[in-house]
Amino acid sequence: MSATHEDDDDDDTREVLLEARNVVVERGKKQLLRGVSLACRAGTVTGLLGPSGAGKSTFFRVLVGEDRDATGTVLLGGDDVSREPLHARARRGLGYMPQGPSVLWDLTVEDNLTTFLEIARGASDAGTVRDLLDRVRLTDARMTRAGLLSGGERRRLELARVLAGRPKVVVCDEPYAGVDPAQAAHLGDLLRGLADDGVAVLLADHHVEEALRICTHAALLLDGQVVTAGSPGDFRDHPVVRGRYLGTLATA
Ligand SMILES: Nc1ncnc2c1ncn2[C@@H]1O[C@H](COP(=O)(O)OP(=O)(O)O)[C@@H](O)[C@H]1O
Ligand SMILES: [Mg+2]
């Protein structure tokens, strides 16, 4: 990641799959993002942490192509995609789990996956649906309507939706929101497993401990700026992180 030292020798040889350079977002007179740069390499999990209102979701919307009024550059696999819409970036292998729900409430888990596969790949078949159910461990819930799932199950179905697109990069906005600790650990293991398979994973969350458990890199976003970026250990020890983020959580 930019503006950091590399903590792992292997990192230099891994391909940068997603990169943002100097992203600025203005709304009226307010600067929501004030020059954010970040790079995510294959096989890594980057946690973008920071308090509510720091600009994490705003930044993710720029990365995935939902907000194209930003200035700065977004690169996927080295190509400048700053002007490309969401679906074009998805075709290049960018998967996005938004902060809010993204399932089809009235359909069963299985029918959700069939639909997602048809959208992402133009076709679905029973074997691929079965594989996806197995990967996110929702086989037993396959006939359940998505609207009846627990928070953790719904997040895993949303992850399966992302996986239907065979992503090289996965951007997850608050994957643990509304998910109990045991299910969060389960979801975290799935995200870490994606990185172990070579995917670049970027996540934003408030659940610092669960996020840091699976992260290879962590960055603090405060008031629309990356304050520090490095290994999870460096992140915990950083005086600004301790003073302005972890300290406030401990007393919250
Ligand atoms: N259209 C907008 N106009 C003005 N302020 C906005 C707009 N959208 C979001 N904001 C503000 O931008 C800040 C960052 O929001 P967000 O990216 O959702 O933060 P986070 O995801 O880190 O909680 C918040 O203070 C929010 O109120
Ligand atoms: Mg947010």
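Structure first, text after, so check above.
Residues numbered from 1 in each chain as written. Chains lettered and ligands numbered in written order. Predicted model: local features only at pLDDT ≥ 70, side-chain atom pairs only at ≥ 80, totals over all residues.

A few points about the sheet that holds strand S9 (residues 217-222)
Pairing within the open sheet is mixed, and its six strands lie in the order S6-S7-S8-S3-S9-S10. Two strands close off the open sheet at either side, each with one partner strand: strand S6 (94-97) and strand S10 (225-230). Within the sheet, the average angular offset between the axes of one strand and its neighbour, ignoring direction, is 15 degrees. Pairing geometry for strand S3 (residues 45-49) and strand S8 (residues 200-205), over five bridges, is parallel. Across the sheet, residue Val45 finds its bridge partner in S8, namely Val201. Against the sheet, helix H1 (residues 56-64) engages S3, S6, strand S7 (169-173), S8 and S9, with an angle of about 150 degrees to S7. The sheet contacts of helix H6 (residues 181-196) involve S3, S7 and S8, and relative to S8 the element is tilted by about 150 degrees. (Pairing = 2+ DSSP bridges. Helix = DSSP H or I, 4+ residues; strand = E, 2+ residues; numbered from the N terminus. Axes fitted to C-alpha atoms, helices over the stretch in contact; angles between N-to-C directions. Contact = placed C-beta atoms within 7 Å.)

Observations regarding the packing of helix H5 (residues 151-164) against H6
The N-to-C vectors of H5 and H6 enclose an angle of 15 degrees; their axes lie 9 Å apart at closest approach. Taken together, the axes of H5 and H6 lie roughly parallel to each other. When the axes of H5 and H6 are compared, the crossing they make is right-handed. Side by side, H5 and H6 meet where Gly152, Arg155, Arg156 and Leu159 of the first sit next to Gln183, His186, Leu187 and Leu190 of the second. Classifying every residue of the contact of H5 with H6 gives three nonpolar, three polar and two charged. (Parallel < 35°, antiparallel > 145°, perpendicular 65-115°, else oblique. Left-handed = near helix turned anticlockwise from the far one by under 90°. Nonpolar A, V, L, I, M, F, W, Y, C, P; charged D, E, K, R; others polar.)

Quick word on the pairing of S9
Looking along a regular strand, one sees the side chains alternate between the two faces of the sheet. Where burial is concerned, most of S9 is hidden: five out of the six residues are buried. Pairing geometry for S3 and S9, over four bridges, is parallel. Of the residues in S9, the one forming a bridge with Leu48 is Ala219. Pairing between S9 and S10: five bridges, direction antiparallel. Bridge pairing links Leu221 to Val226 in S10. If you look at the hairpin formed by S9 and S10, you'll find two residues sitting between the two strands, and Asp223 has a positive phi there, around 50 degrees. (Buried ≥ 20, exposed ≤ 12 C-beta atoms within 10 Å, placed from the backbone.)

Focus on the nonpolar core
Residues Leu63, Leu113, Ala160, Val169, Val171 and Val201 are the most contacted members of the largest nonpolar core, which totals 75 residues. Discounting chain neighbours no more than four positions away, the residues touching Leu63 are Leu18, Ala20, Val74 and Val171. (Core = buried A, V, L, I, M, F, W, Y, C linked by C-beta atoms within 7 Å.)

Remarks on the sheet that holds strand S4 (residues 71-76)
Sheet architecture is open: four strands sit in the order S2-S1-S4-S5, paired in antiparallel fashion. Here the strands that pair on one side only, and so sit at the sheet edges, are strand S2 (30-41) and strand S5 (79-80). Two strands pair when backbone bridges link them, and strand S1 (residues 16-27) and S4 are joined in this way by five bridges, in the antiparallel orientation. Directly across from Glu19, in S4, lies its bridge partner Leu75. Across the sheet, H1 touches S1, S2 and S4, and the angle it forms with S1 is around 120 degrees.

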